[in-house]
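Coordinate analysis (summary)
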2 protein chains.
Amino acid sequence: MTTRTDAPTRREQILREAARLFAERGFHGVGVDEIGAAVGISGPGLYRHFPGKDAMLAELLVGISERLLDGGRRRVAESDGDPEALLSALIDGHIDFALHDRALITLHDRELDRLRETDRKLVRQLQRQYVELWVEAVRRAYPSLAEPDARAAVHAVFGLLNSTPHLGPAGTLVGRPATGALLHRLARGAFAAAAHEDSGDAPGAPAAD
Amino acid sequence: MTTRTDAPTRREQILREAARLFAERGFHGVGVDEIGAAVGISGPGLYRHFPGKDAMLAELLVGISERLLDGGRRRVAESDGDPEALLSALIDGHIDFALHDRALITLHDRELDRLRETDRKLVRQLQRQYVELWVEAVRRAYPSLAEPDARAAVHAVFGLLNSTPHLGPAGTLVGRPATGALLHRLARGAFAAAAHEDSGDAPGAPAAD
DNA sequence: GCCATACGTTAACGCTCATTAACGTTCTCG
DNA sequence: CGAGAACGTTAATGAGCGTTAACGTATGGC
């Protein structure tokens, strides 16, 4: 296979529009005719580029997961050993992604179950590795944090960072650098608080029914 | 109309199963036959209880939004004036909901666009009021926080608290009181960090392209 | 006893939609 | 030129699915 970074080809155009539409209306809520229309061709013309609608979603989700994992691994490799700095770098990388590719962030945790068994397992494996990478970084930065708590905290912070699609239309809050800085502070503050068992007067668990 | 809290009637049974299935496979991914089968009747028998599939989703989403807003308002009304305590109470209420009704939490921010215009506007209005209620509470607890930042922080913390569906199958992390306490600490830590502009060495916004 | 209501059933109907068939049109390169 | 890849088009096909029709059955009050 050849990995080209030459120009935005038709194929990439399709993927971008499909991501946007899937994020807006859900995988089952978008027809192939719509995707085709979004790139100027119509309907079955897409089948010159993809074997089917499923394949588009699969390529999107695998691509997202790989990009996230690769970015995380690169930052780990570039780390100078300071756990705090590594954690900050991971957070920045994720924020960058969440702010820049909101549609993909939305798909990432929403349409996973629409994949064929084999693709779904691949994506889940990539996601798991990415989570593990974070859990290790968090535990190095906050050694007092128990492993299950660290894992839950990582998932929760992902939820926090991935909230960018809820910040309203692009331009209002998304896009200005202050939002990235705010998200960074929120994430760091959450992790720091997780490590402090003695949080003072906070009552803790709410009463279940 | 009569509001009965007598027993789990067939209608409520349908709503519960529909919520579970919609959360698992998405609104468009579930057929009416499946919903019927889940409650022991089959297919079009559902139309004795609901005018259509849309109506089930609408009732679910409106119900969730109303319950969240009512719970929030109740806590505001019961507040003794301590902003910190009110914020903690709001967080506990939301955590209680997120841990107990994970399917509904999933639907709440995922299938909103599948509603008819009128229902969607209603749900959005309820959601907006709930957010406003939180924003006010946050700003009272942290007066230094600017309004847009407070709003973004609230959305982000919702994303954090609503991460419970990602915590794996019920029983592992969900359900034990420690998880509720952890989520509470994470949320409080995030808000506290949002208010501190001077967070030391944290670099801030990542570089967008 | 009997009619009305509540609650189901199975068998169409009709529409949407992914996929395939059959048929052009450039564009390139030998 | 002229063959053949690359890329599209419109028309059919066929399955899935929400909804409606037409048809039971128990139940409960008059």
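Residues numbered from 1 in each chain as written. Chains lettered and ligands numbered in written order. Predicted model: local features only at pLDDT ≥ 70, side-chain atom pairs only at ≥ 80, totals over all residues. Heavy atoms only, no water.

Per an unreviewed UniProt entry, chain A carries the name TetR family transcriptional regulator and comes from Streptomyces roseolilacinus.

1. Some words on the UniProt feature "DNA-binding region" (unreviewed entry) in chain A
As annotated in UniProt, the feature "DNA-binding region" (unreviewed entry) corresponds to residues 31-50 of chain A in the numbering used here. With 35% helix and 0% strand, residues 31-50 of chain A has its two end C-alpha atoms placed 14 Å apart. (UniProt positions renumbered as here; feature names shortened; annotations may be inferred. Helix = DSSP H or I, 4+ residues; strand = E, 2+ residues; numbered from the N terminus.)

2. Comments concerning the UniProt feature "domain: HTH tetR-type" (unreviewed entry) in chain A
The positions that UniProt labels "domain: HTH tetR-type" (unreviewed entry) are, in the present scheme, residues 8-68 of chain A. When the span residues 8-68 of chain A is considered, its composition is 64% helix and 0% strand, and the gap between its end C-alpha atoms is 21 Å.

3. Focus: the protein's contact with DNA strand C
Close to DNA strand C lie 15 residues, the nearest being Val32 and Tyr47 of chain A together with Arg10, Arg48 and His49 of chain B. Within 4 Å of the protein, atoms of DNA strand C come from sugar and phosphate in 51% of cases. Between DNA strand C and Val32 of chain A, the relevant distance is 2.7 Å, taken from a phosphate oxygen to a main-chain nitrogen or oxygen of the residue. In the model, a phosphate oxygen of DNA strand C is placed 2.8 Å from a nitrogen or oxygen of the Arg10 of chain B side chain. Across the surface near DNA strand C, the residue classes tally to six nonpolar, five polar and four charged. (Near = heavy atom within 4 Å. Polar contact = N/O pair within 3.5 Å; in protein donor to acceptor, adjacent residues only side chain to side chain. Nonpolar A, V, L, I, M, F, W, Y, C, P; charged D, E, K, R; others polar.)

4. Some remarks on the environment of Gly45 of chain A
Relative to the helices and strands, Gly45 of chain A resides in the loop between α2 (32-38) and α3 (53-78). Along the sequence, Gly45 of chain A and Ala58 of chain A sit 13 residues apart, while their C-alpha atoms lie 19 Å from each other.

5. Considering the packing of aromatic side chains
Scanning the model with the defined rule gives 10 aromatic pairs over all chains in all. Measuring from centroid to centroid gives 6.4 Å for Trp134 of chain A and Phe191 of chain A, while their planes differ by 40°, and the two rings are tilted. Of this pair, Trp134 of chain A sits in helix α6 (residues 117-141) while Phe191 of chain A sits in helix α8 (residues 177-195), placing them 57 residues apart in sequence. Exposure class is identical for Trp134 of chain A and Phe191 of chain A. Each is buried. With centroids separated by 5.0 Å and ring planes inclined at 75°, the aromatic side chains of Trp134 of chain B and Phe158 of chain B adopt a geometry described as edge-to-face. Taken together, the positions of Trp134 of chain B in helix α6 (residues 117-141) and Phe158 of chain B in helix α7 (residues 147-161) put the pair 24 residues apart, joining distant regions of the chain. Since its relative accessible area comes to 9%, Phe158 of chain B is described here as buried. Through successive ring pairs, a cluster of aromatic residues spans Tyr130, Trp134, Phe158 and Phe191 of chain A. Across the ring face of Phe27 of chain A, the terminal group of Lys53 of chain A is positioned such that the distance to the ring centre comes to 4.4 Å. (Phe/Tyr/Trp six-rings, centres within 6.5 Å; stacked < 30°, edge-to-face > 60°. Buried < 20%, exposed > 50% of the residue type's maximum accessible area, 1.4 Å probe, protein only. Lys NZ or Arg CZ within 6 Å of the ring centre and 35° of its normal.)

6. Remarks on the packing of helix α7 (residues 147-161) of chain A against α8 of chain A
Residue and element names in this part refer to chain A. Closest axis-to-axis distance for the α7/α8 pair is 10 Å, and the angle between their directions is 160°. When the axis of α7 is compared with that of α8, the two are roughly antiparallel. Our pair here, α7 against α8, has a crossing hand that is right-handed. Residue-level contacts link Ala153, Val154, Val157, Leu160 and Leu161 of α7 to Leu183, Leu186, Ala187, Ala190, Phe191 and Ala194 of α8. Taken together, the residues of the contact of α7 with α8 sort by class into 11 nonpolar, no polar and no charged. (Axes fitted to C-alpha atoms, helices over the stretch in contact; angles between N-to-C directions. Parallel < 35°, antiparallel > 145°, perpendicular 65-115°, else oblique. Left-handed = near helix turned anticlockwise from the far one by under 90°. Contact = heavy atoms within 4.5 Å.)

7. Re the protein's contact with DNA strand D
Arg10, Arg48 and His49 of chain A together with Tyr47 and Lys53 of chain B are the nearest of the 15 residues found near DNA strand D. Counting only atoms of DNA strand D within 4 Å of the protein, the sugar-phosphate share comes to 52%. Take His49 of chain A: an N or O atom from its side chain is 2.7 Å from a phosphate oxygen of DNA strand D. The separation between a phosphate oxygen of DNA strand D and a polar main-chain atom of Val30 of chain B is 3.2 Å. Broken down by class, the residue content of the surface near DNA strand D amounts to six nonpolar, five polar and four charged.

8. Description of the packing of α3 of chain A against α6 of chain A
All names here are of chain A. With their axes 9 Å apart at the nearest point, α3 and α6 run at an angle of 20° to one another. As the angle between them shows, α3 and α6 are arranged roughly parallel. Both α3 and α6 take part in a crossing whose hand is left-handed. In this structure, α3 uses Ala58, Leu61, Val62, Ser65, Glu66, Leu68, Leu69, Gly72, Arg73 and Val76 to contact α6, whose residues at the interface are Asp119, Leu122, Val123, Leu126, Gln127, Gln129, Tyr130 and Leu133.

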